[in-house]
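# Report on the structure
The primary structure of each chain is shown beneath.
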Amino acid sequence: MTWRNHSLRRRLLVWLLGPLLAVCGGITLESYFSSWEFVNRAHDRTLLGSALAIAERVVVVDGDLEIDLPYVALEMLGSDGQDRVYYRVDGPDGAFITGYRDLPSSAAVIGGAFGPVFFDAEYRGEDVRVAALSRDITTRSLSGRFAVHVAETAAERNLMTRELLYRMATRLLILTAIASLIAWYGVGRGLVPLEELQRAIRRRSDHDLRPFSQEVPGEVRHLVGAINDLMARLGNSIASMQRFISDASHQLRTPLAAIRTQTEVALRERDPEAMREALERLRRITAQTSRLANQLLTLARAAPEAGRVEKPAVLDLAALTRKVAGDWVPAALERGIDLGFEGPDRPVRVYGNALMLRELAGNLVDNALKYCPSGARVTARVAQDGAAAVLEVDDDGPGISAGEQDRVFERFYRIVGSPADGCGLGLAIVREIAMGHGGTVTLTDGSQGKGLLVRVSLPALSD
Amino acid sequence: MRILLVEDNRDLAHGMARTLTDAGHAVDATADGIEADDILAIQEYDLVILDLTLPGMDGLEVLANLRRRKVTTPVLVLTARAGVEDRVAGLDTGADDYMTKPFDLAELAAGVRALARRSYAAKGPEIAHGPLSFDSAGRTVTLNGRRLDMPRREMGLLEILLLNAGRVVSKEQIAARLFSFEQEASLSAVELYVHRLRRKLEPAGISIRTIRGLGYLLEEP
């Protein structure tokens, strides 16, 4: 399963939870560091107080520094009894005076800086916070600088910051959980109209192609619009197919009735000559009906609603048309029509279905032969005109009046009074096939100033 | 000519058999694919007319079996299936020609004639065309019973036209047949040979028509 077909709920939760958790993590870290800072600042003030109190009690006795340690100063620290307090006093030149000799010291303060300096260190296996400062002392017998270090173990401080961290994290986690629950529930609520729509679609019968009118959220209104649009197009295409089937059965019924009638006439005839005549008519009618059946099949295969079965390929339109024209030459000679071909020596490449394009060319030539009188001149012509591959069939026959040029593409349309025994599907087939290949069909007067020129223009492939 | 007709529609088979018999052929008919396969395994024919949708065994299978036995008898395939024309024509099924139902008897007769001519030419006997007779093995041409002297190229031209009588043959096809690869296959040379051949045949009423942009066609007698 790819990301795109995960449920909306899951997608929304992932989108919500990821960033939310990251932000919460950031907030937690930030508040951890700032609480650490605040706690240290408060702590440091107390440490500094002790260090100053100690510094004030440094006196010079007999030329030596001595300290009268104020217990009060140390009592300020470690009041809760958890933390231990250490101190250390060093005289001029770094000479240790009193306190804990190995307490970590600040090199800067020992070196003479006044401070105060605060720093974290480790002493006797525990974290300690140290305050350091130095003061000058001047008497008649001695003048110099001494340093005071006061340290307290940081257990209390660490505990406090950890506590703050936990509380903050808990609050944020609860916030995230509530946000997720709201999102989960909200998506469910939001999808209710879609579920209703789904039930409505399932309930629909095959024949009911009315649009869906369910209330849906704005985001899916376009989707429903697209579905309704598809239904409308389906409806049109089904209606046009039904019209075609009903037209086709009517068209087949007529010749079948004629065949029956003529057969009965022939059977009733006593005169062999009259019987022959009836049979001759029968032959003509069946030939026409066969042609009609063939054309109906071709149309069914060319029509877009039939779907494409045959695979398209790269074809040479010139070679294909030359072959089709050649195949029609015997029929043309029989009718006394001069059928010829004009085309370039190099191929005119198109992408299409050979069977369908042969059918297209054949229908055009067939039409020309059918409607032109003996002695007419019919030319099948192929040329490349820029990006278009052009196939023309040009004749000097009776032509088609401007008023009828549009109507001749309709299925089963036949020009009133035309002598030929066509079934009215030829040009409809030509147009379906041309359109199926992304092309167009146009009718104009023949190049000889009379007759008809049918031009099929297909997208050509460049070399 | 001896023809095996394999077609399961009785009315159609009857009409076709009748026409072929009238044209002077000996026709055996069967309506079953398996039977056709059995017959073809023991009996040799000059032509097989084969429907594709058959009871017992599919027509294409009968055809495949025939070709597997290395039998080169020409086969004319009949089909009513839409789209099958392409498969029969495009794929190497071993069929020599095909015809889509419904067809008229004149079409059938022309198809049979064309296949017969091709099969005869392969075996070497004479091709007759009206008053003209062409012996493809002995390379002699007789017109109205009199031997006609003819250079080799003209005879080659006549042969290709005879084998395709009633159909258009392009200049390129003729050139490819008349000239070997090393020679310059010029289309104007083809025109010249056609012109010469015409002069010899026209007095006897045999006409070679020029078809605009397409080539030549020897009219059926």
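The sections below set out a description of the structure shown in this document.

What counts, and where the lines are drawn
Residues numbered from 1 in each chain as written. Chains lettered and ligands numbered in written order. Predicted model: local features only at pLDDT ≥ 70, side-chain atom pairs only at ≥ 80, totals over all residues. Heavy atoms only, no water. Pairing = 2+ DSSP bridges. Helix = DSSP H or I, 4+ residues; strand = E, 2+ residues; numbered from the N terminus. Axes fitted to C-alpha atoms, helices over the stretch in contact; angles between N-to-C directions. Contact = heavy atoms within 4.5 Å. Buried < 20%, exposed > 50% of the residue type's maximum accessible area, 1.4 Å probe, protein only. Right-handed = clockwise from strand over helix to strand, strands pointing away. Phe/Tyr/Trp six-rings, centres within 6.5 Å; stacked < 30°, edge-to-face > 60°. Salt bridge = Lys/Arg side-chain N within 4 Å of Asp/Glu carboxyl O. Polar contact = N/O pair within 3.5 Å; in protein donor to acceptor, adjacent residues only side chain to side chain. Nonpolar A, V, L, I, M, F, W, Y, C, P; charged D, E, K, R; others polar. 1 Å grid on protein atoms, 1.4 Å probe; cavity = no way out; pocket = protein on both sides within 12 Å on 5 of 7 lines; lining within 4 Å. Points joined across faces, edges and corners; volume = space filled by probe spheres on them.

### A look at the sheet that holds strand 6 (residues 126-138) of chain A
Sheet strands pair by backbone hydrogen bonding; their relative direction is either parallel or antiparallel. All names here are of chain A. Taken in spatial order, the 5 strands of this open sheet run 4-3-7-6-5, and their pairing is antiparallel. Two strands bound the open sheet, and with one partner strand each, they are strand 4 (96-99) and strand 5 (117-123). Direction aside, neighbouring strands of the sheet carry axes that sit 25° apart on average. Packing against the sheet, helix 1 (residues 8-56) makes contact with strand 3 (85-90), strand 5, strand 6 and strand 7 (143-153), and its axis sits at approximately 40° to strand 6.

### Quick look at the pairing of strand 4 (residues 75-79) of chain B
Residues and elements named next belong to chain B. Burial of strand 4 is extensive: 5 of the 5 residues sit out of reach of the surface. Here strand 4 shows no split at all, with Val75, Val77 and Thr79 on one side and Leu76 and Leu78 on the other all buried. Note: strand 3 (residues 47-51) against strand 4, 4 bridges, orientation parallel. Its bridge partner being in strand 4, Leu50 is matched across the sheet by Val77. Viewed along the sheet, the connection from strand 3 through helix 3 (residues 59-68) into strand 4 turns out right-handed. The sheet contact formed by strand 4 and strand 5 (residues 97-100) spans 4 bridges and is parallel. Bridge pairing in strand 5 links Leu76 to Asp97.

### Things to note about the packing of aromatic side chains
All names here are of chain A. Enumeration according to the criterion identifies 5 aromatic pairs over all chains in this entry. Here Tyr32 and Trp36 contribute two aromatic rings whose centre-to-centre distance is 6.3 Å and whose plane-to-plane angle is 40°, an arrangement assigned as tilted. Of the two residues, Tyr32 and Trp36 are both situated in helix 1; the distance of 4 residues between them amounts to about one turn of the helix. A residue is classified by how much of its surface remains accessible, and Tyr32, at 26% relative accessible area, is partly exposed. Residue Trp36 is classed as partly exposed on the basis of its relative accessible area of 23%.

### Quick look at the interface of chain A and chain B
Residue-level contacts link 20 residues of chain A with 15 residues of chain B. Seen at the junction of chain A and chain B, the total is 1 salt bridge. Note that Asp338 of chain A and Arg212 of chain B form a salt bridge whose closest N and O atoms lie 3.3 Å from each other. There are 4 residue pairs in polar contact (both at pLDDT 80 or more) connecting chain A and chain B. Where the side of chain A that touches chain B is concerned, the elements lending two or more residues are helix 6 (272-302), helix 7 (317-334), strand 9 (338-342), helix 8 (354-371) and strand 11 (377-385) of chain A. The element contributing the most residues to the side of chain A that touches chain B is helix 7 of chain A, with 6 residues. Classifying every residue of the side of chain A that touches chain B gives 9 nonpolar, 5 polar and 6 charged.

### Topic: unusual backbone geometry
At Arg124 of chain A, a position not held by glycine, the phi torsion is positive, near 50°. Topologically, Arg124 of chain A is positioned in the loop between strand 5 and strand 6. Arg124 of chain A gets classed as exposed once you look at its relative accessible area, which sits at 54%. Backbone geometry places Lys70 of chain B, a non-glycine residue, at a positive phi of 65°. Summarising the element assignment, Lys70 of chain B is placed in the loop between helix 3 and strand 4. Lys70 of chain B gets classed as exposed once you look at its relative accessible area, which sits at 71%.

### Let's talk about the sheet that holds strand 11 (residues 208-211) of chain B
All names here are of chain B. An order of 10-12-11 is seen for the 3 strands of this open sheet, with the pairing classed as antiparallel. A single partner strand is all that each edge strand has here, and the edge strands are strand 10 (168-169) and strand 11. Here strand 10 runs beside strand 12 (residues 215-218); their pairing, made up of 2 bridges, is antiparallel. Residue pairing in the sheet places Val169 in a bridge with Tyr216 of strand 12. Packed on one face of the sheet, helix 6 (residues 152-163) meets strand 10, strand 11 and strand 12 and runs near 70° to strand 12.

### A short note on the layout of surface pockets
All names here are of chain A. Estimated volume of the second largest pocket: approximately 460 Å³. Lining of the second largest pocket is provided by 30 residues; of these, Asn367, Tyr371, Ile400, Ile415 and Leu427 occupy positions nearest its centre. Broken down by secondary-structure element, the contributors of at least two residues to the lining of the second largest pocket are helix 6, helix 8, strand 12 (388-395), helix 9 (426-436) and strand 14 (452-459). Ranked by the residues each element gives to the lining of the second largest pocket, the list is headed by helix 8, at 5 residues. Of the residues belonging to the lining of the second largest pocket, the class tally is 16 nonpolar, 9 polar and 5 charged.

### Regarding the pattern of salt bridges
All names here are of chain A. For the structure on display, the rule yields 29 salt bridges over all chains. Between Glu392 and Arg455 there is a salt bridge, with the nearest N and O atoms lying 2.7 Å from each other. In this pair, Glu392 is assigned in strand 12 and Arg455 in strand 14, connecting sequence segments 63 residues apart. For Glu392, a relative accessible area of 9% gives the class buried. Through salt bridges with shared partners, a single network forms among Glu342, Arg381, Glu392, Asp394 and Arg455.

### A look at the environment of Asp136 of chain A
Residues and elements named next belong to chain A. Structurally, Asp136 is set in strand 6. With 11 residues separating them along the chain, Asp136 and Ala147 place their C-alpha atoms 9.0 Å apart. Looking at Asp136, its side chain comes within polar contact range of the side chain of Arg145, at 2.7 Å.

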